Amino acid sequence: MTTPQIPEIRVLVAGGHDTGKTAFLHGMYQRLSEGVHDYFLYSEDRDEEIRLVNAWKVLRETGEFPRVNVRPQSYTFQCTRNFTPLLRMRWTDFRGGAAMGVAEGEEKKIVEQWRDELSSSDNVYLVMDGEALGEWVRNGMPENANFDSGDMNLTSYNRVVRTAMASRADRGAPPPSFVVLITKMDLLPGAADMPLKQALESVVHNLCTLVKSLSGPGVTALVCPVQIGDFKTSEASGGKVDPSLVHPKYLHHPICFSLWYHLTEELAKREEELAEIKKRISGGETELTALRTKSIVMFRNAKIQEVQTAQQARETERAKKQAEIAATKEQADLLMREFDRWPIIKAGKVVWRSGRSS
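The rules behind each value
Residues numbered from 1 in each chain as written. Predicted model: local features only at pLDDT ≥ 70, side-chain atom pairs only at ≥ 80, totals over all residues. Heavy atoms only, no water. Phe/Tyr/Trp six-rings, centres within 6.5 Å; stacked < 30°, edge-to-face > 60°. Helix = DSSP H or I, 4+ residues; strand = E, 2+ residues; numbered from the N terminus. Buried < 20%, exposed > 50% of the residue type's maximum accessible area, 1.4 Å probe, protein only. Pairing = 2+ DSSP bridges. Axes fitted to C-alpha atoms, helices over the stretch in contact; angles between N-to-C directions. Contact = heavy atoms within 4.5 Å. Salt bridge = Lys/Arg side-chain N within 4 Å of Asp/Glu carboxyl O. pLDDT = per-residue confidence, 0-100.

For the rest of this paragraph, the subject is the packing of aromatic side chains. Overall, the coordinates contain 13 aromatic pairs when judged by the stated rule. Aromatic side chains W91 and Y125 sit 5.8 Å apart centroid to centroid with 90° between the ring planes, which places their arrangement in the edge-to-face category. Residue W91 is found in strand β4 (residues 84–93), and its partner Y125 is found in strand β5 (residues 123–129); the two are separated by 34 residues along the sequence. Look at W91 and you get buried, because its relative accessible area is 1%.

And the structure:
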């Protein structure tokens, strides 16, 4: 089977040890492979797909979590709408703590691969443990906190954001998108000693004081809590749990955001192309007016016909581009409905779908 030529993006997940990155990947895949609206995600490698689905099935049936990868594991996913391929997604699952590794000894190859992936990524997920964030909230959300999530500290989070932004700028590419992925949402309220909604709002409105690079110019980050189940214990992600407590929530929202962000970039490009087409049409109209008012008629009719033919082609091109823009907007709006309950940080401002900001 031939591989379709479609746009490709790279997703990198940055997080510490035992923060639920691998479980999130499996749950996300299961949810999106079943379909959300008309959108589907599937692995181009059938064997990898079977392994992902089977590991999630084991968790649902026995409570045993997917095995964490010691070596980087790469996946190639394809996002489709109905049967139409939209986007290819390269995803590499690194072990927890790779972002803090030193490129020497046995770790050298893994750490260098991690850094290469970060430099070429279009979407970066910053994984923050819900329990660690809850403790930070309960302690009064200090600005200069000795915070770590699975041993990933604030220096590492800021380094990831800064490197991803700088690498894209060096290539002349638009800024990457970010997702602050709050895992183990079920542990957040207990650790914060307050209801979930209040704890989430406290995190959202103070996150840029914790990870200061998120307030930088050009940074766009979705803040999205997720959970695998209602375990209410930090022991869950590393071993076995009661399978009846497996209750995944919001696992597909980050990918919907990543796809939406890509579509908004495509939309901006197509609107620029449409503006250029309109400019050429305007120039053609000016040329026709000048031809029709010329007193010298030699070759004028032939030239008018030539320009009119070119104008017709431009009008056709404009109609096609306008249809593409309308279709892209419709796709983006449909995806946004999935994650519009969560805020987006844009250059330090918290923006909600409802329009309120802080």
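For the rest of this paragraph, the subject is the sheet that holds strand β12 (residues 344–346). The strand order across the open sheet built from 9 strands is β2-β3-β4-β1-β5-β8-β9-β12-β13, with neighbouring strands paired in mixed fashion. Both edges of this open sheet fall to β2 (39–43) and β13 (349–351), since each of them pairs with a single strand only. Adjacent strand axes in the sheet meet at a mean angle of 25° when their direction is disregarded. By the bridge criterion, 9 bridges tie strand β3 (residues 73–81) to β4 in an arrangement that is antiparallel. Its bridge partner being in β4, T80 is matched across the sheet by P85. Across the sheet, helix α2 (residues 46–62) touches β2 and β3, and the angle it forms with β3 is around 95°. Sitting on the sheet, helix α3 (residues 108–120) is in contact with β1 (8–14), β4 and β5, with an inclination near 130° to β1.

On to unusual backbone geometry. Apart from glycine, the bulk of residues carry a negative phi angle, and the bulk of peptide bonds sit in the trans form. In this model, D193 sits at a positive phi of 60°, which is unusual for a non-glycine residue. Tracing the sequence through the fold places D193 in the loop between α6 (188–192) and α7 (196–210). A relative accessible area of 64% means that D193 is categorised as exposed. Notably, A347 is not glycine yet its phi reads approximately 50°, a positive angle. Overall, the relative accessible area of 42% leaves A347 in the partly exposed class.

This next bit is on the pattern of salt bridges. Tallying each qualifying case throughout the model produces 22 salt bridges. The network of salt bridges with common partners includes R270, E273, K321 and E324.

It is worth spelling out the confidence of the model for the protein at this point. In this model, the protein carries an average pLDDT of 89, and 94% of its residues clear a pLDDT of 70 or more. Mean pLDDT across the secondary structure elements of the protein bottoms out at strand β6 (residues 148–149), with 88, and peaks at strand β8 (residues 177–183), with 96. Ignoring residues within four places in sequence, the model shows residues 354–358, a span with pLDDT below 50, making 7 contacts including any to other chains.

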